[in-house]
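Examination of the molecular architecture
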Amino acid sequence: MKEFNVAVVGATGAVGQVFLQILEQRAFPLKNLILLASERSEGKVIKFKSENIQVKKLTRNSFKDVDIAFFSAGASRSKEYAKYAVESGALVIDNSSAFRMDDDVPLVVPEVNSSKAMKHNGIIANPNCSTIIMAVAIKPIYDISPIKKIVVSTYQAVSGAGYRAIVELENQVKDIICLKKREVKNEVFPVQIAFNVIPHIDVFLDNGYTKEEMKMHNETRKIFDDYKIKVTATTVRVPVFTSHSEAITLETKDKIKIEDAKFALKKAKGLKFLDDIDKNGNFKYPTPIIASGKDDVYVGRLREDISNENGLCMWVVGDQLRKGAALNAVQIAELFFSGRI
Ligand code: A2P
């Protein structure tokens, strides 16, 4: 099998670290692995399999002989450096929002629209984490009857905001519990995240939604190539380390029987349907703890919407560092080496 030279841009970050785990776990056909980050991390050693690899500073010359470059170092780094990777002949799979809505850049969730990845100009975009998780969960329903409208509230883990956000939650919890502090420091989040929930992810826009909420609207339409779908999202940060949860209510064109929805969700690729009562009468449903470290998106609490003839409600949880970011990107790369792009 052909082996690839792979670069991970943002290798020291929360998503970057998961990229390395996934490349290792999936036995990705690697020839050479180049780890790139900022000047701050230059020379730092990261263990990959049995090898110690030194992190290099990202520059415009970082991509010589690179076949695949995974970018996960923020939109401004992607905007500045992705073109150099493309010029060197690499396929860029970009986890940032830099190019997602560009007409010539496919926005790909392999379970939904893998064929879109075939037509690219060197860059393929990985969608927003909450959007990927939602897209995987609603695809089997969409295949029964087109979805007209989605109302979604998210419960998003702090690691989605990067490594410093994880440390901020840890420090706030320690300060409050161990040091009995009443006031804690917040630098990453707009207000205290420990023992709190914050209905504010990314910047506010003129229409009153946040940018994260509008990403769910715009990206879902592009992924499904259906610009009639309406999505209204409220995105909320919660004091959970990993895995985003989403309460999704959707309206389909035709009424879907609950048994048909259940059947479709149970057999869908990339999904685990967890909606059960065990022999002791305990309810089973997905939680962030169950989903963390797992590849599948979990769906539970499936029910008919009592407020809408054609409505379904479900509770969806997925590890946003894996399926919501690194895993989705690696799956796109796997399409590439399996010759399907
Ligand atoms: P570094 O660790 O050197 O700052 P997270 O999302 O967890 O905050 O991670 C962001 C990733 O993006 C890190 O790997 C970080 O590297 C990287 N990064 C941030 N700024 C730059 C930059 N100017 N050039 C290259 N990588 C950067």
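Let us look at the structure shown here. The written sequence of each chain sets the order in which its residues are numbered from 1. A pLDDT threshold of at least 70 governs which residues receive local features in this predicted model, and a stricter bar of 80 or more applies before side-chain atom pairs are shown or counted, although totals over entire chains, interfaces and linings include all residues. Side-chain numbers here rest on the full set of heavy atoms in the structure, without hydrogens or water.

This part covers the environment of Ala37. Helix numbering and strand numbering both begin at the N terminus, where a helix is a DSSP run of H or I of at least 4 residues and a strand a DSSP run of E of at least 2. Turning to its location among the elements, Ala37 is positioned in strand β2 (residues 30-37). By relative accessible area, Ala37 is classed as buried at 9%. Sequence separation of Ala37 and Ile123 is 86 residues, and the distance between their C-alpha atoms is 20 Å. Contacts between residues were defined by any pair of non-hydrogen atoms, one from each residue, lying within 4.5 Å. Setting aside residues no more than four positions away along its own chain, Ala37 makes contact with Gly10, Thr12, Val55, Lys56, Lys57 and Leu58. Any residue under 20% of the maximum accessible area for its type is buried, any over 50% is exposed, and the rest in between are partly exposed; the area is computed with a 1.4 Å probe on protein chains only.

Attention now moves to the environment of Gln320. Along the chain, Gln320 falls in the loop between β16 (311-318) and α9 (322-337). Here the alpha-carbon distance between Gln320 and Val112, two residues 208 residues apart in the chain, equals 17 Å. Here Gln320 is in contact with Cys129, Ile133, Ala157, Ser159, Gly160, Thr242, Ser243, His244 and Ala325, once residues within four sequence places are set aside. At 2.7 Å, the side chain of Gln320 and the side chain of Ser159 are in polar contact. Here a polar contact is taken to be a pair of N or O atoms separated by no more than 3.5 Å, where protein atoms must pair a possible hydrogen donor with a possible acceptor and residues adjacent in sequence count only if both atoms sit in side chains. One polar contact links the side chain of Gln320 to the main-chain amide nitrogen of Ser243, over a distance of 2.8 Å.

This part takes up helix α6 (residues 211-224). A rise of 1.5 Å per residue sets the reference length of α6, with its 14 residues, at 20 Å; its end C-alpha atoms lie 20 Å apart and thus fit the reference within 8%. The buried fraction of α6 is high, at twelve of 14 residues. Those residues of α6 not exposed but buried are Glu212, Glu213, Met214, Lys215, Met216, His217, Glu219, Thr220, Arg221, Lys222, Ile223 and Phe224. The positive-phi residue at the C-terminal boundary of α6 is Asp225, with phi of around 50°. Multiplying one less than the number of residues by 1.5 Å gives the expected span of a helix.

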